[in-house]
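Residue-level structural notes
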2 protein chains.
Amino acid sequence: MSEPASNCRRAYDDALSLMRTVSDLTSAAALLGWDQETYMPPLAAQARAEQIATLNALAHSMMTDERAVRLAEYFERELHSSAEELTILETRIARVFARDVRRALKVPEEFVRRKSQVVVLAQEAWKEARARASFAKFYNDLRALVELSLHEAELRGYQGHPYNALVDLYEPGMTVETLDPLFDRLEQETLRILDYVKGLSPASNAAVPRVSSTGQEQLLAARTIVEAIGFNFSAGRVDISAHPFCTSLATSDVRLTTRTADDNPISCLLGLIHEAGHGLYEQGIDPTLERTFARDGASMGIHESQSLFWENIIARSEEFWEFALPIIERFIPQFPTMTPTMMFYALNRVEPSLIRIEADEVTYNLHIIIRYRIEKELMAGTLNVAEIPERWNVLVRELLGLDVPDDANGCLQDIHWSLGAFGYFPSYTLGKLYAAMFRSALLKAMPDTFDHVRRGEFAAICQWLKENIHHWGRTLCPLELVEQVTGRSLAEKDFLEYVWEKVMRVYPSS
Amino acid sequence: MSEPASNCRRAYDDALSLMRTVSDLTSAAALLGWDQETYMPPLAAQARAEQIATLNALAHSMMTDERAVRLAEYFERELHSSAEELTILETRIARVFARDVRRALKVPEEFVRRKSQVVVLAQEAWKEARARASFAKFYNDLRALVELSLHEAELRGYQGHPYNALVDLYEPGMTVETLDPLFDRLEQETLRILDYVKGLSPASNAAVPRVSSTGQEQLLAARTIVEAIGFNFSAGRVDISAHPFCTSLATSDVRLTTRTADDNPISCLLGLIHEAGHGLYEQGIDPTLERTFARDGASMGIHESQSLFWENIIARSEEFWEFALPIIERFIPQFPTMTPTMMFYALNRVEPSLIRIEADEVTYNLHIIIRYRIEKELMAGTLNVAEIPERWNVLVRELLGLDVPDDANGCLQDIHWSLGAFGYFPSYTLGKLYAAMFRSALLKAMPDTFDHVRRGEFAAICQWLKENIHHWGRTLCPLELVEQVTGRSLAEKDFLEYVWEKVMRVYPSS
């Protein structure tokens, strides 16, 4: 095998050209996926699955061909010695390139294709199983997916627990060894909060208003608010889909979706604010990273920290509603009179519930811990797929104090397993912890943050997030990024202080 | 070079696998293009141009790589002797494959990229030139494009006139040798019609009603009508764009666009019917051709014959308005009272005008003949780019009897040259001739066609078009297809009879 280039610059330019092609393929696949959820005619589903599979397979094959491997090897060998020819950002991009090529090489194209096929069928089985609350209908597919994930863990390799190979896909560098003690402490403290709340009445009985309103009214109000927050509609858009999501074809083309419910404009709004948090991240990535493998979030957890920052920390604050209520009243005149204080109380109740995506900020993490434990046990081989429902119900009883009436309200509620996305759930809780740590850093840098929020002035907040978090893209690992922004290591402390403060206000101890 | 496969079947399957990949890339590029005209955020234009260019370049490189060439050579050599292993349709698909590979090989990737770049800049220059009615502002780009087209003709090769190389791109097998006498006869007879009309008054002064109506009203009425005609909205959709078009990602995913004008619901309707004619063609292609190079229209002219069949032959008939007027009145209650007869008269006036896309069915062909002559002269080197405006104005005076007030109403009116699409215009007139020939064949097979139209029953008409024209896709050449459907060679006779009949009714000779 001959030397790929006589110097680092030429190797970098060669890698850049390859990244551009792969990145354009990935963006096209993202548009195909976005369109599938928004505008695609119903009969086109099968053709669409093939189109997406072809683009992904092409991207995988380009990332694992001889040229890509030679370049990755070159960077691994030479990047330290000849890095002075590249800027710091370019050096980091080259590292991301080498890491992604290595990662792609771990999984043969045959495996990628097989997993795609299993996933397509499993999603149909899961939908039916959930609709009928019948675990048996999902059992075979779930077993196949668990076996595939075990196989994938072996292919990818790991140190310590096999689950580490999967968690690393969503949260680079994260391991069971870090998560176990963290989640244990979080669980104990969450149970302490629930214990505290149990004997007390909330300070207010205010509830989130249900009010009949058209999808158009809800969307216009929500759109106006996320535009005021800073989402750039010249470089993005919003559409309706069954499940809200955010996808990005370029920093200049970031797409949000939301859903509208007949009587719940606040749910539509919070959903869109969540996605706009992801969207602001994507729009804020340094333009230098465009069409490289580094144009993406540092991890799923960091991405989630941005959506949760806006949805929870900002939009569930009292100050936010001083800004937002007049806008809602303008677009939805039938919205009942609420004060910002009432909205704060209504949006910050704590109460154990069965469904993860409806959970409050405090009990949400218990839902994640249940899934984390089950996934870990499946990957360690100490739990069989057939035992999942029983194990699930025992954990819900233990952590949330609730009885699970059926599997639709239990282990069949999430889409993730049908997608083969074992290892994803921890990112949600990590996102909450990151968000709270970023909140502390922001408040230190900008103590009057919530005065800005009250006045509907979000530019300084967005600027801080962009400079400190967004613009780095994937050039920093999540743990590096957290340390750089906060000066501290990942911990649950800030999150717990943040929720204790809210809980003490919503549930005063008389 | 080793034998690619031990038999025809294996070669076919190999070609099929390659066609599927290229076809998925082309479909993804089509979605990127559709999205650009409908929903893309404005700042995304540059990233989008790069994404489309990458996908097209990849498709071109896969169509010209060693494997593709080996397969094309094999088919060229073996298809006659070992074709019994393939079905008739497969044999034809293999021929289309070999032809497309040969065609792609004629043009190096470097040329494709350069032309794309020139075209992007030329479109901006053309828009500005047209807005300011200044040919000088377009001159340099137009010269570059003419030179590129001359170069392309040399690359592609031709017999006889260099223009043949370009016409063949849009109308396989068509040549100046066929077009010259055809267009001459058409010109003479069109001038005879204009001469006849000149001295006469129309039978009715009815005009197409202008009526204030919302885009939503216009779109709903038009959508309801094209759905009744047979366009399948489970396998397609309609959106709004600045210029109406039809694009197809699969037979199950065919997309129309239209534009709405404040006061002209009939223009919106006819525009959508035109695009639905293209769309019915795409939806009617044999599913066996899915993801092969044969899933497309036989030529641009045949495609245009389908849109013009519906827009002109059906939708400008009196019977059509018996069906359509009640639907328009339902969705646009303020639409003035019109009878089907009044609509017929209003939609079939003949009058020379300056702008091609606003021309009537009769004079339209003169606009095409003007462009045809100029393009041919440019390619023969007997006309310089600088002489275009003068030549244009002379021809308009000669054929349409009008003075051109400025170049915006003259040689700058069409987008085609700025796209480098020299050779495209003849397909419009060929489409009219094909459509009239198909009309004759249909009326012979189904003499009560217009009774069906009157009752809004389009199924039998669609079925006839599908069986005779649509389902073949590109497996037949346009001239083969015409002969197969009509039993006759391409000629202007049917078209002239068709328009003379209309003209005699609209302009009775007292």
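Above this text you will find the structure in question.
Figured I'd write up the structure that's included with this text. Remember, predicted model here, so these are calculated numbers, not experimental data.

Before going further, it helps to spend a moment on the overall build of chain A. A tally of helices and strands in chain A yields 20 helices and three strands. Counting only C-alpha atoms and orienting by the principal axes, one finds that chain A spans roughly 75 × 50 × 50 Å. Looking at the 510 residues of chain A, the share that counts as buried comes to 59%. Sequence separation of at least 24 residues holds for 74% of the intrachain contacts in chain A that already meet a minimum separation of 6. When the accessible surface of chain A is summed, it comes to about 20300 Å², and 50% of that surface belongs to carbon and sulfur atoms. Taking the average location of the 52 positive side-chain charges in chain A and that of its 72 negative ones, the two points are 1 Å from each other.

Here we come to the sheet that holds strand β3 (residues 253–258) of chain B. Residue and element names in this part refer to chain B. Strand order in this open sheet of three strands is β1-β3-β2, and the pairing throughout is mixed. Pairing within the sheet leaves two strands with one partner each, and these edge strands are β1 (236–240) and β2 (246–250). On average, each strand axis in the sheet is tilted by 20° relative to the strand beside it, whichever way the strands run. Looking at chain direction, β1 and β3 are connected through five bridges and run parallel. For Asp239, the partnering residue across the bridge sits in β3 and is Thr257.

In the structure shown here, the tally under the stated rule is 83 salt bridges over all chains. Its salt-bridge partner being Asp24 of chain B, residue Arg291 of chain B comes within 2.6 Å of it at the nearest N-O pair. Of the two residues, Arg291 of chain B sits in the loop between α10 (265–284) and α11 (300–314) while Asp24 of chain B sits in helix α1 (residues 8–38), which places them 267 residues apart along the sequence. Residue Asp24 of chain B is classed as buried on the basis of its relative accessible area, which comes to 1%. For Lys493 of chain B, the salt bridge is made with Asp494 of chain B, and the minimal N-O distance between the two is 4.0 Å. One connected set of salt bridges, linked through shared partners, spans Asp35 and Arg48 of chain A together with Asp253 and Arg255 of chain B.

To continue, consider the pairing of β3 of chain B. All names here are of chain B. Most of β3 is tucked away, with six of its six residues classed as buried. Burial along β3 is two-sided: the face carrying Asp253, Arg255 and Thr257 and the face carrying Val254, Leu256 and Thr258 are both buried. Relative to β3, β2 runs antiparallel, the two being bridged by four bridges. Within the sheet, the bridge partner assigned to Cys246 lies in β3 and is Leu256. Once β2 ends, the chain turns through two residues before running back antiparallel as β3.

Bringing the interface of chain A and chain B into the picture now. Opposite the 35 residues of chain A that make contact, chain B presents 35 residues. When residues of chain A are sorted by the area they lose upon contact with chain B, Tyr39, Pro41 and Gln51 of chain A head the list and together hold 18% of the total. At the junction of chain A with chain B, the criterion picks out six salt bridges. The residue Asp253 of chain B makes a salt bridge to Arg48 of chain A at a minimum N-O spacing of 3.0 Å. One can count twelve residue pairs in polar contact (both at pLDDT 80 or more) joining chain A with chain B. Looking at the side of chain A that touches chain B, the element that brings in the most residues is helix α1 (residues 8–38) of chain A, giving nine residues. Along the lines of polarity and charge, the residues of the side of chain A that touches chain B split into 19 nonpolar, eight polar and eight charged.

All names here are of chain A. Relative orientation of the contacting elements helix α8 (residues 176–198) and helix α16 (residues 426–445) amounts to 65°, with a least axis distance of 12 Å. Taken together, the axes of α8 and α16 lie roughly perpendicular to each other. The hand of the α8/α16 crossing is left-handed. For the pair α8 and α16, the contacting residues are Leu179, Leu182, Phe183 and Leu186 in the first and Pro426, Thr429, Leu430 and Leu433 in the second. Split into classes, the residues belonging to the contact of α8 with α16 amount to seven nonpolar, one polar and no charged.

Here the focus is the relation of the copies chain A and chain B. Mapping one chain copy onto the other needs a rotation about an axis and a shift along that axis. It takes a turn of 180° to lay chain A on chain B, together with a shift of 0.0 Å along the axis; the resulting RMSD is 0.0 Å. Seen this way, the second copy is the image of the first under a two-fold rotation axis. The C-alpha atom lying nearest the rotation axis in chain A is that of Ala28 of chain A; the distance is 3.2 Å.

What counts, and at which threshold
- Residues numbered from 1 in each chain as written.
- Chains lettered and ligands numbered in written order.
- Predicted model: local features only at pLDDT ≥ 70, side-chain atom pairs only at ≥ 80, totals over all residues.
- Heavy atoms only, no water.
- Helix = DSSP H or I, 4+ residues; strand = E, 2+ residues; numbered from the N terminus.
- Buried < 20%, exposed > 50% of the residue type's maximum accessible area, 1.4 Å probe, protein only.
- Contact = heavy atoms within 4.5 Å.
- Areas by Shrake-Rupley, 256 points an atom, 1.4 Å probe, with all protein chains shown as cover.
- Lys, Arg positive; Asp, Glu negative; His and termini not counted.
- Charge placed at Lys NZ, Arg CZ, Asp CG, Glu CD.
- Pairing = 2+ DSSP bridges.
- Axes fitted to C-alpha atoms, helices over the stretch in contact; angles between N-to-C directions.
- Salt bridge = Lys/Arg side-chain N within 4 Å of Asp/Glu carboxyl O.
- Buried area = accessible area lost by both parts, 1.4 Å probe.
- Polar contact = N/O pair within 3.5 Å; in protein donor to acceptor, adjacent residues only side chain to side chain.
- Nonpolar A, V, L, I, M, F, W, Y, C, P; charged D, E, K, R; others polar.
- Parallel < 35°, antiparallel > 145°, perpendicular 65-115°, else oblique.
- Left-handed = near helix turned anticlockwise from the far one by under 90°.
- Least-squares fit on C-alpha atoms with pLDDT ≥ 70 in both.

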